[in-house]
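Observations on the three-dimensional arrangement
Read off the chains here:
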Amino acid sequence: MAVRHFLTLLDLSREELRAVVERAIEVKALRNQGVTSEPFRDKVLGMIFEKSSTRTRVSFEAGMAQMGGSALFLSPRDTQLGRGEPIEDSARVISRMVDMVMIRTFGHNVLERFAEYSKVPVINALSDSYHPCQLLADLQTYVEHRGSPEGKAVAWVGDGNNMCHSYINAALMYDFELRIACPEGYDPDESIVARAKDRVKIVRTPQEAVSGADWVATDVWASMGQETEQQIRLKAFEGYLVDHELMSHANSDAIFMHCLPAHRGEEVSGDLLEDEQISVVWDEAENRLHAQKALMEFLQENSNC
Ligand code: CP
Ligand code: NVA
């Protein structure tokens, strides 16, 4: 058995992904019943954060503690990573000391290089290209609220960013139709779209994407690392606000998701975000905890290290 990594959703088979989502639902129910188990007793998760985080840090750290293990926060500001020690050397050293590593970084190749040299499973906790842990939580949330997303119509409104790329992978893995509405110049990566061309359509108006959709998702217009483009992007994304008016084009039982943090009045209206009949963002955020616990269990059980 080799070491399993989770750098994108495609690192799991379709069956494995469904099993992780089902296990996440089970892990959540057990926690709500007060049942505890410690499959990670004496285990340590290394957490490398090169970008800010609330949900990801809290969910991984709390999740490890709840499973009997501990988590180590490593930032480039106070490790040799920030002083230029090569990724390959850091991977070999860190992975000899901990049992699993999660990394939030800029270039996706940093994750790939780290994983290549790591003796233990590596998890993508967000790169410029993908955010697969968020999709585990989003899939869990859809299944809990509406059942299987297979065959459903999903609308992505906004930037063709890391979240959008992970929605494309989810469409491929879960067989749903994904309509992406983004302004020209902000399309998702062509090669990622090409891989899923039977499932994905790019359109130029939010209304076209949302019309008849069962699930509508968006994200900020300027991601971490794009702060200097904020003003240009505010102009480019005019008309891409997701609000009750836009949701009125969706199916009557459509739900809204946002990975958070949200910018009320930019990509989403405050009213929609707070409308718990439509918006499931708080469940979605909570599910990061359960989904990642299920993921870590899966990687530990299926890795030889
Ligand atoms: N959604 C998400 O990953 O949030 P954080 O940036 O707070 O971790
Ligand atoms: N696209 C956003 C997601 C944040 C969770 C970013 O990369 O900043």
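Heads up: the structure comes first, above all this text.
Residues numbered from 1 in each chain as written. Chains lettered and ligands numbered in written order. Predicted model: local features only at pLDDT ≥ 70, side-chain atom pairs only at ≥ 80, totals over all residues. Heavy atoms only, no water.

1. Describing the packing of helix α5 (residues 132-146) against helix α12 (residues 281-301)
As a reminder of what qualifies: Convention adopted: a line fitted to C-alpha atoms gives each axis, helices being fitted over their contacting stretch, and angles between N-to-C directions are expressed from 0 to 180 degrees. Strands are runs of DSSP state E lasting at least 2 residues, helices are runs of H or I lasting at least 4, and numbering of each runs from the N terminus. Each angle receives one of four descriptions, namely roughly parallel if under 35 degrees, roughly antiparallel if over 145, roughly perpendicular if within 65 to 115, and oblique otherwise. Crossing handedness is read from the near helix: turned anticlockwise from the far helix by less than a right angle, it gives a left-handed crossing, and turned clockwise, a right-handed one. We call two residues in contact whenever any of their non-hydrogen atoms come within 4.5 Å of each other. Three classes are used: nonpolar for Ala, Val, Leu, Ile, Met, Phe, Trp, Tyr, Cys and Pro, charged for Asp, Glu, Lys and Arg, and polar for all others, with Gly counted as polar.
At a minimum axis separation of 8 Å, α5 and α12 run at an interaxial angle of 110°. One element, α5, and the other, α12, form an angle in the roughly perpendicular class. In the packing of α5 onto α12, the handedness of the crossing is right-handed. Contacts between α5 and α12 involve Cys-133, Gln-134, Leu-136, Ala-137, Asp-138, Gln-140, Thr-141, Glu-144 and His-145 on the former and, on the latter, Asp-283, Glu-284, Asn-287, Arg-288, His-290, Ala-291, Gln-292 and Leu-295. Its residues assigned to classes, the contact of α5 with α12 shows 5 nonpolar, 7 polar and 5 charged.

2. Topic: the sheet that holds strand β3 (residues 100-104)
What counts, and what does not: Each pair of strands is called paired provided DSSP finds at least two bridges between the two strands.
Spatial ordering of the open sheet is given by β2-β1-β3-β4, a layout of 4 strands whose pairing is parallel. Since the sheet does not close on itself, it has two edges, and those belong to β2 (70-74) and β4 (122-124), each with one partner. Neighbour-to-neighbour, the strand axes of this sheet turn through a mean angle of 20°, independent of strand direction. Pairing of strand β1 (residues 44-49) with β2 involves 5 bridges; the strand directions are parallel. In the strand pairing of β2, Val-44 is matched with Ser-70. Across the sheet, helix α4 (residues 108-117) touches β1, β3 and β4, and the angle it forms with β4 is around 170°.

3. Thoughts on the pattern of salt bridges
Where charged atoms from two side chains of opposite charge come close, those side chains can pair. Let me state the cut-off plainly: The working definition used for a salt bridge is a side-chain nitrogen of Lys or Arg within 4 Å of a carboxyl oxygen of Asp or Glu. A 1.4 Å probe rolled over the protein chains alone gives each residue an accessible area, and that area as a share of the maximum for its type sets the label: buried under 20%, exposed over 50%, partly exposed in between.
Within this structure, the stated rule accounts for 18 salt bridges. For Arg-57, the salt bridge is made with Glu-61, and the minimal N-O distance between the two is 3.2 Å. Of the two residues, Arg-57 and Glu-61 are both situated in helix α2 (residues 55-66); the distance of 4 residues between them amounts to about one turn of the helix. Judged by relative accessible area, which is 30%, Arg-57 ranks as partly exposed. By sharing partners, the salt bridges in this structure join Arg-14, Asp-175 and Arg-199 into a single network.

4. Some thoughts on the side chain of Ser-303
As for its position among the elements, Ser-303 is in the segment after α12. Those residues in contact with Ser-303, other than ones at most four positions away along the chain, are Met-1, Ala-2, Val-3, Arg-4 and Pro-121.

5. Points about the nonpolar core
Inclusion rule: Joining through side-chain atoms within 4.5 Å is the link that ties buried Ala, Val, Leu, Ile, Met, Phe, Trp, Tyr and Cys residues into a set, and such a set is a nonpolar core.
If you look at the biggest cluster of nonpolar residues, it comprises 55 residues, and the most contacted ones within it are Ile-123, Tyr-167 and Leu-178. A total of 8 residues in this core trace back to one element, the largest contributor, which is helix α6 (residues 162-174). When neighbours within four sequence positions are excluded, Tyr-167 is seen to be in contact with Leu-135, Asp-138, Val-154, Trp-156, Phe-176, Leu-178, Trp-215, Ala-217 and Met-257. Grouped together as the second largest cluster of nonpolar side chains are 26 residues, Val-216, Leu-246, Val-268 and Leu-273 included.

6. Here we look at the pairing of strand β7 (residues 200-203)
This is how the line gets drawn: When the strands point away from the viewer and the connection leading from the first strand across the helix to the second strand turns clockwise, the crossover is called right-handed.
With 4 bridges connecting them, strand β6 (residues 177-181) and β7 associate as parallel partners. When the sheet's bridge partners are listed, Ile-180 is paired in β7 with Ile-202. Once the chain exits β6 it traverses helix α7 (residues 190-195) before rejoining the sheet at β7, and the crossover so formed is right-handed.

Any functional reading would require information that these geometric values do not contain.
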